[in-house]
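Fold and contact review
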Amino acid sequence: MSPKSPWRRIAAAVFALCTLVAAAGCGGDAEKSDGSVQIRVAATGADSLPFMAVLQLAIDKGWFKSRGLDVSIYSGGGGGNTLRVVTSGDADLAITGSSSVVLASEKPAANLAVIGSWFQVNDFYWITPDEDAKLAGAKLGFSTAGSATELIVKALQAKRPDDKISAVSVGGMGDNWAAAKAGRITAGWAMHPFVTEKEQEEGARTLVATRDVIGDHPADLVAANKDFLKDNPDAMKKFFEGAEQAFEYVVDDTDKAAAELAPLVDVDEKVMAKALKDTPELAKAYSLKVDPVALKNLSDMMTQAGQIKEPVDWGTVLDQQYLPASARADL
(Lines give C-alpha, C1' and ligand atoms only; values in the text may rest on other atoms or scores of the structure.)
Protein backbone atom coordinates (compact mmCIF):
# COMPACT_ATOMS: atom_id res chain seq x y z
CA MET A 1 0.00 0.00 0.00
CA SER A 2 1.18 3.51 -0.72
CA PRO A 3 2.33 5.79 2.14
CA LYS A 4 -0.48 7.37 4.11
CA SER A 5 -1.43 10.89 3.09
CA PRO A 6 -0.20 13.83 5.24
CA TRP A 7 -3.73 14.76 6.33
CA ARG A 8 -4.27 11.28 7.76
CA ARG A 9 -1.06 11.46 9.78
CA ILE A 10 -2.01 14.91 11.01
CA ALA A 11 -5.51 13.70 11.97
CA ALA A 12 -4.05 10.83 13.97
CA ALA A 13 -1.65 13.19 15.71
CA VAL A 14 -4.45 15.59 16.59
CA PHE A 15 -6.56 12.76 18.02
CA ALA A 16 -3.61 11.54 20.08
CA LEU A 17 -3.00 15.06 21.35
CA CYS A 18 -6.66 15.36 22.31
CA THR A 19 -6.38 12.23 24.44
CA LEU A 20 -3.57 13.88 26.37
CA VAL A 21 -5.31 17.19 26.95
CA ALA A 22 -8.96 16.13 27.13
CA ALA A 23 -9.31 17.62 30.56
CA ALA A 24 -8.16 20.94 29.18
CA GLY A 25 -10.98 21.14 26.69
CA CYS A 26 -10.15 18.96 23.67
CA GLY A 27 -12.57 16.30 24.91
CA GLY A 28 -15.13 17.60 27.39
CA ASP A 29 -18.87 16.92 27.39
CA ALA A 30 -20.30 14.72 24.64
CA GLU A 31 -22.95 17.26 23.68
CA LYS A 32 -21.63 20.16 21.63
CA SER A 33 -22.92 23.70 21.37
CA ASP A 34 -24.84 22.87 18.17
CA GLY A 35 -26.74 20.09 19.96
CA SER A 36 -24.86 17.22 18.29
CA VAL A 37 -23.31 14.47 20.37
CA GLN A 38 -19.61 13.82 19.96
CA ILE A 39 -18.49 10.20 19.67
CA ARG A 40 -14.75 9.52 19.58
CA VAL A 41 -14.01 6.11 18.05
CA ALA A 42 -10.73 4.20 18.28
CA ALA A 43 -10.76 1.57 15.52
CA THR A 44 -7.97 -0.85 14.67
CA GLY A 45 -6.88 -0.43 11.06
CA ALA A 46 -9.18 2.48 10.22
CA ASP A 47 -6.68 3.60 7.58
CA SER A 48 -6.05 0.15 6.07
CA LEU A 49 -9.17 -2.02 6.45
CA PRO A 50 -12.30 -1.18 4.43
CA PHE A 51 -14.68 -2.53 7.08
CA MET A 52 -13.20 0.08 9.44
CA ALA A 53 -12.76 2.84 6.84
CA VAL A 54 -16.48 2.52 6.17
CA LEU A 55 -16.91 4.65 9.31
CA GLN A 56 -15.04 7.52 7.64
CA LEU A 57 -17.20 6.96 4.58
CA ALA A 58 -20.29 7.37 6.77
CA ILE A 59 -18.83 10.60 8.16
CA ASP A 60 -18.12 11.90 4.65
CA LYS A 61 -21.62 10.98 3.50
CA GLY A 62 -23.18 12.79 6.43
CA TRP A 63 -24.92 9.68 7.71
CA PHE A 64 -23.83 10.35 11.27
CA LYS A 65 -24.35 14.10 11.09
CA SER A 66 -27.93 13.63 9.89
CA ARG A 67 -28.54 11.70 13.10
CA GLY A 68 -27.16 14.46 15.30
CA LEU A 69 -23.73 12.90 15.80
CA ASP A 70 -20.24 14.34 15.47
CA VAL A 71 -18.11 11.21 14.97
CA SER A 72 -14.31 11.24 14.84
CA ILE A 73 -12.11 8.22 14.06
CA TYR A 74 -8.65 7.31 15.31
CA SER A 75 -6.78 4.36 13.82
CA GLY A 76 -5.54 2.30 16.77
CA GLY A 77 -2.66 -0.15 16.83
CA GLY A 78 -4.73 -3.22 17.65
CA GLY A 79 -5.85 -5.16 20.71
CA GLY A 80 -5.06 -3.50 24.02
CA ASN A 81 -3.42 -0.53 22.28
CA THR A 82 -6.77 0.46 20.76
CA LEU A 83 -8.69 -0.18 23.97
CA ARG A 84 -6.50 1.97 26.21
CA VAL A 85 -7.92 5.28 25.06
CA VAL A 86 -11.42 4.03 25.90
CA THR A 87 -10.55 2.60 29.30
CA SER A 88 -8.94 5.95 30.13
CA GLY A 89 -12.04 7.82 28.98
CA ASP A 90 -10.17 9.68 26.22
CA ALA A 91 -12.29 7.93 23.58
CA ASP A 92 -15.86 6.72 23.87
CA LEU A 93 -15.86 3.65 21.68
CA ALA A 94 -13.36 1.01 20.57
CA ILE A 95 -13.62 -1.47 17.71
CA THR A 96 -10.75 -3.90 18.05
CA GLY A 97 -9.54 -7.46 18.63
CA SER A 98 -12.27 -9.63 20.10
CA SER A 99 -10.18 -11.44 22.68
CA SER A 100 -8.73 -8.23 24.11
CA VAL A 101 -12.23 -6.76 24.41
CA VAL A 102 -13.56 -9.82 26.24
CA LEU A 103 -10.62 -9.90 28.65
CA ALA A 104 -10.74 -6.15 29.33
CA SER A 105 -14.49 -6.17 29.91
CA GLU A 106 -14.01 -8.67 32.74
CA LYS A 107 -12.02 -6.08 34.71
CA PRO A 108 -14.27 -3.58 36.54
CA ALA A 109 -11.54 -0.93 36.41
CA ALA A 110 -11.68 -0.95 32.62
CA ASN A 111 -15.24 0.43 32.79
CA LEU A 112 -16.11 -1.23 29.46
CA ALA A 113 -19.32 -2.69 28.07
CA VAL A 114 -19.34 -4.99 25.01
CA ILE A 115 -22.15 -3.78 22.77
CA GLY A 116 -21.69 -5.32 19.34
CA SER A 117 -19.67 -7.50 16.96
CA TRP A 118 -17.95 -6.13 13.86
CA PHE A 119 -17.27 -7.83 10.52
CA GLN A 120 -18.88 -11.19 10.96
CA VAL A 121 -16.74 -13.49 8.78
CA ASN A 122 -13.20 -14.80 9.03
CA ASP A 123 -11.35 -12.90 6.28
CA PHE A 124 -7.87 -13.54 7.69
CA TYR A 125 -5.17 -15.04 5.46
CA TRP A 126 -1.49 -15.72 5.86
CA ILE A 127 0.33 -14.82 2.66
CA THR A 128 3.86 -15.60 1.52
CA PRO A 129 6.24 -14.67 -1.32
CA ASP A 130 7.63 -18.23 -1.30
CA GLU A 131 5.86 -20.49 -3.78
CA ASP A 132 7.29 -23.56 -2.06
CA ALA A 133 6.32 -22.60 1.50
CA LYS A 134 4.38 -25.15 3.56
CA LEU A 135 2.19 -24.71 6.60
CA ALA A 136 4.08 -27.50 8.36
CA GLY A 137 6.86 -25.89 10.39
CA ALA A 138 5.80 -22.40 9.33
CA LYS A 139 6.57 -19.24 11.28
CA LEU A 140 3.41 -17.12 11.14
CA GLY A 141 3.47 -13.44 11.93
CA PHE A 142 0.72 -11.74 13.92
CA SER A 143 0.15 -8.14 14.99
CA THR A 144 0.15 -7.58 18.76
CA ALA A 145 -0.71 -9.36 22.00
CA GLY A 146 -4.46 -9.57 22.51
CA SER A 147 -5.18 -9.13 18.81
CA ALA A 148 -7.43 -11.26 16.64
CA THR A 149 -4.39 -12.41 14.66
CA GLU A 150 -2.65 -13.77 17.75
CA LEU A 151 -5.78 -15.71 18.69
CA ILE A 152 -6.12 -17.09 15.16
CA VAL A 153 -2.54 -18.37 15.11
CA LYS A 154 -3.17 -20.08 18.44
CA ALA A 155 -6.33 -21.65 16.99
CA LEU A 156 -4.35 -22.88 13.97
CA GLN A 157 -1.74 -24.37 16.29
CA ALA A 158 -4.50 -26.20 18.18
CA LYS A 159 -6.17 -27.44 14.98
CA ARG A 160 -2.89 -28.52 13.36
CA PRO A 161 -0.66 -29.69 16.23
CA ASP A 162 1.39 -31.96 13.97
CA ASP A 163 2.40 -29.00 11.79
CA LYS A 164 4.47 -27.43 14.59
CA ILE A 165 3.42 -23.90 13.66
CA SER A 166 5.19 -21.10 15.54
CA ALA A 167 4.07 -17.51 16.08
CA VAL A 168 6.02 -14.26 15.84
CA SER A 169 4.74 -10.82 16.85
CA VAL A 170 5.50 -8.48 13.94
CA GLY A 171 2.92 -5.72 13.65
CA GLY A 172 0.60 -4.59 10.87
CA MET A 173 0.03 -6.15 7.48
CA GLY A 174 2.78 -4.14 5.79
CA ASP A 175 5.29 -5.10 8.46
CA ASN A 176 4.30 -8.75 8.18
CA TRP A 177 4.68 -8.75 4.41
CA ALA A 178 8.12 -7.12 4.68
CA ALA A 179 9.15 -9.71 7.27
CA ALA A 180 7.96 -12.52 5.02
CA LYS A 181 9.92 -11.15 2.06
CA ALA A 182 13.00 -10.83 4.27
CA GLY A 183 12.66 -14.46 5.38
CA ARG A 184 12.09 -13.60 9.03
CA ILE A 185 8.73 -15.38 8.93
CA THR A 186 7.15 -17.84 6.53
CA ALA A 187 3.94 -15.88 6.05
CA GLY A 188 2.30 -12.75 7.37
CA TRP A 189 -1.32 -12.05 8.20
CA ALA A 190 -3.42 -10.10 5.74
CA MET A 191 -7.00 -9.20 4.93
CA HIS A 192 -8.66 -7.72 1.88
CA PRO A 193 -7.72 -5.50 0.07
CA PHE A 194 -4.10 -6.11 1.11
CA VAL A 195 -4.35 -9.74 -0.05
CA THR A 196 -5.68 -8.75 -3.47
CA GLU A 197 -3.09 -5.98 -3.88
CA LYS A 198 -0.10 -8.19 -3.05
CA GLU A 199 -1.38 -11.03 -5.23
CA GLN A 200 -1.68 -8.71 -8.21
CA GLU A 201 1.43 -6.60 -7.71
CA GLU A 202 3.99 -8.84 -5.98
CA GLY A 203 2.95 -12.41 -6.68
CA ALA A 204 1.90 -13.23 -3.14
CA ARG A 205 0.13 -16.51 -2.56
CA THR A 206 -2.09 -17.64 0.27
CA LEU A 207 -0.41 -20.14 2.58
CA VAL A 208 -3.58 -20.63 4.59
CA ALA A 209 -7.10 -19.20 4.43
CA THR A 210 -7.97 -19.56 8.10
CA ARG A 211 -11.73 -19.64 7.53
CA ASP A 212 -11.21 -23.05 5.93
CA VAL A 213 -9.50 -24.35 9.07
CA ILE A 214 -11.18 -22.68 12.05
CA GLY A 215 -14.46 -21.28 10.69
CA ASP A 216 -16.03 -17.86 11.23
CA HIS A 217 -15.67 -15.49 14.16
CA PRO A 218 -16.14 -11.71 14.38
CA ALA A 219 -12.98 -9.88 13.41
CA ASP A 220 -13.59 -7.39 16.20
CA LEU A 221 -15.94 -6.50 19.01
CA VAL A 222 -17.34 -3.07 19.84
CA ALA A 223 -16.70 -1.85 23.37
CA ALA A 224 -17.89 1.40 24.89
CA ASN A 225 -17.05 3.42 27.97
CA LYS A 226 -19.84 2.69 30.46
CA ASP A 227 -20.08 6.31 31.59
CA PHE A 228 -20.58 7.44 28.00
CA LEU A 229 -23.27 4.80 27.47
CA LYS A 230 -25.12 5.85 30.60
CA ASP A 231 -25.17 9.49 29.52
CA ASN A 232 -25.77 8.95 25.79
CA PRO A 233 -27.87 5.80 25.12
CA ASP A 234 -29.81 7.33 22.22
CA ALA A 235 -26.64 8.59 20.56
CA MET A 236 -25.18 5.09 20.74
CA LYS A 237 -28.22 3.66 18.99
CA LYS A 238 -27.95 6.31 16.28
CA PHE A 239 -24.27 5.48 15.81
CA PHE A 240 -25.16 1.91 14.95
CA GLU A 241 -27.91 3.12 12.63
CA GLY A 242 -25.35 5.16 10.70
CA ALA A 243 -22.92 2.24 10.64
CA GLU A 244 -25.65 -0.06 9.36
CA GLN A 245 -26.44 2.38 6.55
CA ALA A 246 -22.77 2.38 5.54
CA PHE A 247 -22.60 -1.42 5.56
CA GLU A 248 -25.72 -1.68 3.42
CA TYR A 249 -24.21 0.79 0.95
CA VAL A 250 -21.15 -1.46 0.51
CA VAL A 251 -23.34 -4.50 -0.09
CA ASP A 252 -25.95 -2.85 -2.33
CA ASP A 253 -23.67 -0.61 -4.42
CA THR A 254 -20.31 -2.36 -4.16
CA ASP A 255 -18.51 -0.74 -7.09
CA LYS A 256 -19.49 2.77 -6.09
CA ALA A 257 -18.55 2.10 -2.47
CA ALA A 258 -15.21 0.68 -3.64
CA ALA A 259 -14.44 3.91 -5.49
CA GLU A 260 -15.04 5.91 -2.31
CA LEU A 261 -13.29 3.51 0.06
CA ALA A 262 -10.17 3.13 -2.09
CA PRO A 263 -8.59 6.52 -1.29
CA LEU A 264 -9.39 6.08 2.41
CA VAL A 265 -7.11 3.03 2.57
CA ASP A 266 -4.71 4.12 -0.18
CA VAL A 267 -5.35 1.40 -2.74
CA ASP A 268 -6.31 1.41 -6.37
CA GLU A 269 -10.04 1.60 -7.07
CA LYS A 270 -10.02 -1.58 -9.19
CA VAL A 271 -8.12 -3.44 -6.48
CA MET A 272 -10.69 -2.35 -3.92
CA ALA A 273 -13.61 -3.43 -6.12
CA LYS A 274 -12.10 -6.89 -6.60
CA ALA A 275 -11.18 -7.12 -2.92
CA LEU A 276 -14.77 -6.47 -1.85
CA LYS A 277 -16.02 -9.08 -4.29
CA ASP A 278 -13.40 -11.54 -2.99
CA THR A 279 -14.58 -11.02 0.60
CA PRO A 280 -16.35 -14.17 1.85
CA GLU A 281 -20.13 -13.67 2.05
CA LEU A 282 -20.02 -9.90 1.66
CA ALA A 283 -23.59 -9.37 2.93
CA LYS A 284 -22.83 -11.31 6.10
CA ALA A 285 -19.43 -9.69 6.59
CA TYR A 286 -20.70 -6.12 6.21
CA SER A 287 -23.54 -6.49 8.67
CA LEU A 288 -24.20 -5.73 12.31
CA LYS A 289 -26.23 -8.92 12.62
CA VAL A 290 -24.91 -10.84 15.60
CA ASP A 291 -23.93 -14.41 14.67
CA PRO A 292 -24.30 -16.75 17.69
CA VAL A 293 -22.32 -19.52 15.97
CA ALA A 294 -19.39 -17.20 15.26
CA LEU A 295 -19.46 -15.94 18.86
CA LYS A 296 -19.44 -19.48 20.20
CA ASN A 297 -16.49 -20.25 17.96
CA LEU A 298 -14.68 -17.21 19.33
CA SER A 299 -15.36 -18.36 22.89
CA ASP A 300 -14.10 -21.87 22.07
CA MET A 301 -10.93 -20.42 20.53
CA MET A 302 -10.25 -18.32 23.61
CA THR A 303 -10.87 -21.25 25.94
CA GLN A 304 -8.63 -23.51 23.87
CA ALA A 305 -5.88 -20.86 23.86
CA GLY A 306 -6.03 -20.63 27.66
CA GLN A 307 -7.16 -17.00 27.60
CA ILE A 308 -10.30 -17.79 29.59
CA LYS A 309 -11.18 -20.69 31.87
CA GLU A 310 -14.91 -20.87 31.16
CA PRO A 311 -16.88 -20.32 27.93
CA VAL A 312 -18.16 -16.79 27.42
CA ASP A 313 -21.79 -16.30 28.44
CA TRP A 314 -22.63 -14.05 25.48
CA GLY A 315 -26.16 -13.47 26.72
CA THR A 316 -24.63 -11.64 29.68
CA VAL A 317 -21.47 -10.23 28.14
CA LEU A 318 -22.94 -8.75 24.94
CA ASP A 319 -25.36 -5.89 25.62
CA GLN A 320 -27.36 -5.74 22.38
CA GLN A 321 -29.81 -3.00 23.37
CA TYR A 322 -28.01 -0.36 21.28
CA LEU A 323 -28.07 -2.40 18.07
CA PRO A 324 -30.89 -2.11 15.53
CA ALA A 325 -33.59 -4.66 16.41
CA SER A 326 -32.93 -6.59 13.18
CA ALA A 327 -29.27 -7.05 14.17
CA ARG A 328 -29.92 -8.66 17.53
CA ALA A 329 -29.77 -12.39 18.13
CA ASP A 330 -31.05 -14.80 20.74
CA LEU A 331 -28.04 -15.58 22.91
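Heads up: the structure comes first, above all this text.
What counts, and where the lines are drawn
- Residues numbered from 1 in each chain as written.
- Predicted model: local features only at pLDDT ≥ 70, side-chain atom pairs only at ≥ 80, totals over all residues.
- Heavy atoms only, no water.
- Pairing = 2+ DSSP bridges.
- Helix = DSSP H or I, 4+ residues; strand = E, 2+ residues; numbered from the N terminus.
- Axes fitted to C-alpha atoms, helices over the stretch in contact; angles between N-to-C directions.
- Right-handed = clockwise from strand over helix to strand, strands pointing away.
- Phe/Tyr/Trp six-rings, centres within 6.5 Å; stacked < 30°, edge-to-face > 60°.
- Buried < 20%, exposed > 50% of the residue type's maximum accessible area, 1.4 Å probe, protein only.
- Contact = heavy atoms within 4.5 Å.
- Salt bridge = Lys/Arg side-chain N within 4 Å of Asp/Glu carboxyl O.

This part covers the sheet that holds strand β2 (residues 69-76). One open sheet holds the 5 strands; their spatial order is β2-β1-β3-β10-β4, and the pairing between them is mixed. Edge positions in the open sheet fall to β2 and β4 (112-118), since each of these has one partner strand only. Taking each pair of neighbouring strands and ignoring which way they run, the sheet shows an average axis angle of 25°. Bridging between β4 and strand β10 (residues 220-225) involves 6 bridges; their strand directions are antiparallel. Within the sheet, the bridge partner assigned to W118 lies in β10 and is D220.

By the bridge criterion, 4 bridges tie strand β6 (residues 139-142) to strand β7 (residues 166-169) in an arrangement that is parallel. Across the sheet, the residue bridging to L140 is A167, located in β7. Handedness of the crossover joining β6 and β7 through helix α5 (residues 148-159) is recorded here as right-handed.

Let us now look at the packing of aromatic side chains. One pass over the full model with this rule turns up 8 aromatic pairs. Between F64 and F239 the ring centres are 5.3 Å apart and the planes differ by 0°, which places this aromatic pair in the stacked class. Placement of the pair is F64 in the loop between α2 (50-61) and β2 and F239 in helix α10 (residues 233-252), with a sequence separation of 175 residues. Exposure remark for F239: the relative accessible area of 0% places this residue in the buried category.

Before going further, it helps to spend a moment on the sheet that holds strand β5 (residues 125-128). The strand order across the open sheet formed by 3 strands is β8-β5-β9, and the pairing between neighbours is antiparallel. What marks the edges here is a single partner per strand, and that holds for β8 (188-190) and β9 (205-209). Strand-to-strand twist in this sheet, taken as the mean axis angle between neighbours without regard to direction, amounts to 40°. One ladder, built from 4 bridges, connects β5 with β9; its direction is antiparallel. Residue pairing in the sheet places W126 in a bridge with V208 of β9. Helix-sheet contacts for helix α6 (residues 173-181) involve β5 and β8, and the interaxial angle to β8 is about 145°. Contacts from helix α7 (residues 194-202) reach β5, β8 and β9 within the one sheet, and its direction differs from that of β5 by about 20°.

Time to look at the pattern of salt bridges. All chains considered together, the criterion is met by 14 salt bridges. For E241, the salt bridge identified is with R67, shortest N-O distance 3.4 Å. Within this pair, whereas E241 is found in helix α10, its partner R67 is found in the loop between α2 and β2, the two being separated by 174 residues in sequence. Across the pair R211 and D216 runs a salt bridge, and its minimum N-O distance is 2.7 Å. Residue D216 is classed as buried on the basis of its relative accessible area, which comes to 13%. Bridged by salt links that share partners, the residues R211, D216, E281, K284 and D291 form one connected network.

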